[in-house]
Amino acid sequence: MANMENTTIWKQIQQGLRETERLIGRKEYNMAMIKARQTLEFMVRCMAEKACVVEGDLSDTIDQLYEGRWISRTTKEHYHNIRILGNKAVHEGDDTAYDANQAYQLLAQEVGAFADEYGSRGGRQPQRRQPVRTSSQRRSSSSRPSGGKKKRRKGPAAYYILRILVPVLAVILLILVIRTMMSGGEEEARSTTAAVTQTQAAEPTTQAEPEVTETAAEAGTYIVTGDGVNVRSEPSTQGSVLVQLSQGAVVEYVRRYNNDWTVINYDGQEAYISSQYISRQDGAGEDVQETEGAEGEQAQTQE
């Protein structure tokens, strides 16, 4: 009874494959892809029944057969490709020769694998009812113990866990080594910086130019002798400009900073002006030009 049932199944699959080939020969590519999908669905349903798989739609059933290791990954991909091409022919009206030939070639390949498993290629009758498996799966099943199916998954599961853990541990170790090297370099840099700082601190500090001692003769009223003279926040041409004074402007003298700069009171704070652009007015109202700077020399560019 079982042999008769298997023979009927195989004949129906062969008939579907021949019908797909005949439709391609007649250039009915759309119908050929639909027929290939129908033949695939018949094969999948037969295998699902023998594997005790709860049948859903065709896609789910194919995935369940793969997860249960009844078919290989390559077979699963071929089944899905035939299914997709058939759906494309039904829903999108695909009628291309390329897609039809692709569906036929994949179907013929998988029917051949089905024939190897069920022993019907050479006119033999099927001898046993087993799920379709590839040669690699048959070799792996022969090496497994004859216990329950759940036990055979322990070995591969541990193997895959190790495959994941070993690279992760290697990456963590590499990160730790890099961090150790970087921290060592930072400590060396800090020690070098500290040594340089200590050396600089030990060196005596000298002022570039000492302040000129103020004399009683320098006190008095000062006016600006140049036009657009800069008043700066520091005794340097790099200091920021606080204001520009025009010729004749009166400034509040504070003290002499050095031969080039004079400290004045600007807006309640000390500021600096070039000594060569201010002069002291004596009591008679006559201007006395400062001589400590560049005497009698007109600067082409104002400070």
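Residues numbered from 1 in each chain as written. Predicted model: local features only at pLDDT ≥ 70, side-chain atom pairs only at ≥ 80, totals over all residues. Heavy atoms only, no water.

Looking at an unreviewed UniProt entry, one finds the chain named DUF4145 domain-containing protein, with Candidatus Enterocloster faecavium as its source organism.

J.: Please clarify how the pairing of strand S4 (residues 250-256) should be interpreted in this entry.
T.: Two faces belong to every sheet, and in a regular strand the side chains alternate between them. The pairing of strand S1 (residues 221-224) with S4 spans 2 bridges and is classified as antiparallel. If you follow Tyr 222 over to S4, its bridge partner there is Val 251. Bridge analysis of S4 against strand S5 (residues 261-266) gives 4 bridges, and the strand direction is antiparallel. From the neighbouring strand, Glu 252 faces S5, where its bridge partner is Asn 265. Taken together, S4 and the strand that follows it, S5, pair antiparallel across an intervening segment of 4 residues. (Pairing = 2+ DSSP bridges. Helix = DSSP H or I, 4+ residues; strand = E, 2+ residues; numbered from the N terminus.)

J.: Looking at this structure, I do not really get the nonpolar core. What am I missing?
T.: Where a protein is soluble and globular, its nonpolar side chains tend to be buried together. Grouped together as the largest cluster of nonpolar side chains are 36 residues, with contacts concentrated most on Leu 65 and Tyr 79. At the level of secondary structure, the elements contributing two or more residues to this core comprise helix H1 (2-25), helix H2 (29-50), helix H3 (58-67), helix H4 (73-92) and helix H5 (97-118). Looking at which element gives the most residues to this core, the answer is H2, with 11 residues. If we ignore the near neighbours within four places in the chain, the residues touching Leu 65 are Val 44, Met 47, Ala 48, Ala 51, Val 53, Trp 70 and Ile 71. Of all hydrophobic cores here, the second largest spans 12 residues; its members include Val 229, Leu 245, Ala 271 and Tyr 277. (Core = buried A, V, L, I, M, F, W, Y, C linked by side-chain atoms within 4.5 Å. Buried < 20%, exposed > 50% of the residue type's maximum accessible area, 1.4 Å probe, protein only. Contact = heavy atoms within 4.5 Å.)

J.: Mind showing me how you'd approach the packing of H3 against H4 here?
T.: Helix packing geometry: the angle between the two helix axes and the distance between the axes. For the pair H3 and H4, interaxial distance at closest approach is 10 Å and the crossing angle is 175 degrees. The angle between H3 and H4 falls in the class roughly antiparallel. The segment H3 lies against H4, with Leu 58, Ser 59, Ile 62, Asp 63 and Tyr 66 engaging Arg 73, Lys 76, Tyr 79, His 80 and Arg 83. In terms of residue class, the contact of H3 with H4 is built from 4 nonpolar, 2 polar and 4 charged. (Axes fitted to C-alpha atoms, helices over the stretch in contact; angles between N-to-C directions. Parallel < 35°, antiparallel > 145°, perpendicular 65-115°, else oblique. Nonpolar A, V, L, I, M, F, W, Y, C, P; charged D, E, K, R; others polar.)

J.: I keep staring at the side chain of Ser 275 and nothing clicks. Help me out?
T.: Within the secondary structure, Ser 275 sits in the loop between strand S6 (269-274) and strand S7 (278-281). Judged by relative accessible area, which is 1%, Ser 275 ranks as buried.

J.: Would you take a moment to explain unusual backbone geometry for this structure?
T.: Trans peptide bonds make up most of the peptide bonds, and negative phi angles are found at most residues other than glycine. Even without a glycine there, the phi angle at Arg 69 is positive, about 65 degrees. Even without glycine at this site, Asp 267 takes up a positive phi of about 55 degrees. Structurally, the position occupied by Asp 267 is in the loop between S5 and S6. Looking at Asp 267, the relative accessible area reads 70%, which means it is exposed.

J.: Looking at this model, I keep getting lost on the side chain of His 78. Mind explaining?
T.: Looking at the element boundaries, His 78 is found in helix H4. Among residues more than four places away in sequence, those in contact with His 78 are Leu 106, Gln 109 and Glu 110.

J.: Can you walk me through the packing of aromatic side chains in this structure?
T.: What characterises a pair of aromatic rings is the spacing of the ring centres plus the angle enclosed by the ring planes. Considering all chains together, one arrives at 2 aromatic pairs under this definition. Ring centres 5.6 Å apart and planes at 85 degrees place the aromatic pair Tyr 257 and Tyr 272 in the edge-to-face group. Of this pair, Tyr 257 sits in the loop between S4 and S5 while Tyr 272 sits in strand S6; the two residues are 15 residues apart in sequence, bridging distant segments of the chain. On the accessibility criterion, Tyr 272 (12% relative accessible area) is buried. One Lys or Arg, Lys 76, reaches over the ring of Tyr 66 and ends 4.4 Å from the middle of that ring. (Phe/Tyr/Trp six-rings, centres within 6.5 Å; stacked < 30°, edge-to-face > 60°. Lys NZ or Arg CZ within 6 Å of the ring centre and 35° of its normal.)

J.: Explain the packing of H2 against H4 here, please?
T.: The interhelical angle for the contact between H2 and H4, taken along N-to-C directions, is 135 degrees, at an axis separation of 8 Å. Classified by the angle their axes make, H2 and H4 are oblique. Remark: the crossing between H2 and H4 carries left-handed chirality. Together, Asn 30, Met 33, Ile 34, Ala 36, Arg 37, Leu 40, Met 43, Val 44 and Met 47 of H2 and Tyr 79, Ile 82, Arg 83, Leu 85, Gly 86, Asn 87, Ala 89 and Val 90 of H4 make up the contact between the two elements. In the contact of H2 with H4, the residues fall into 12 nonpolar, 3 polar and 2 charged. (Left-handed = near helix turned anticlockwise from the far one by under 90°.)

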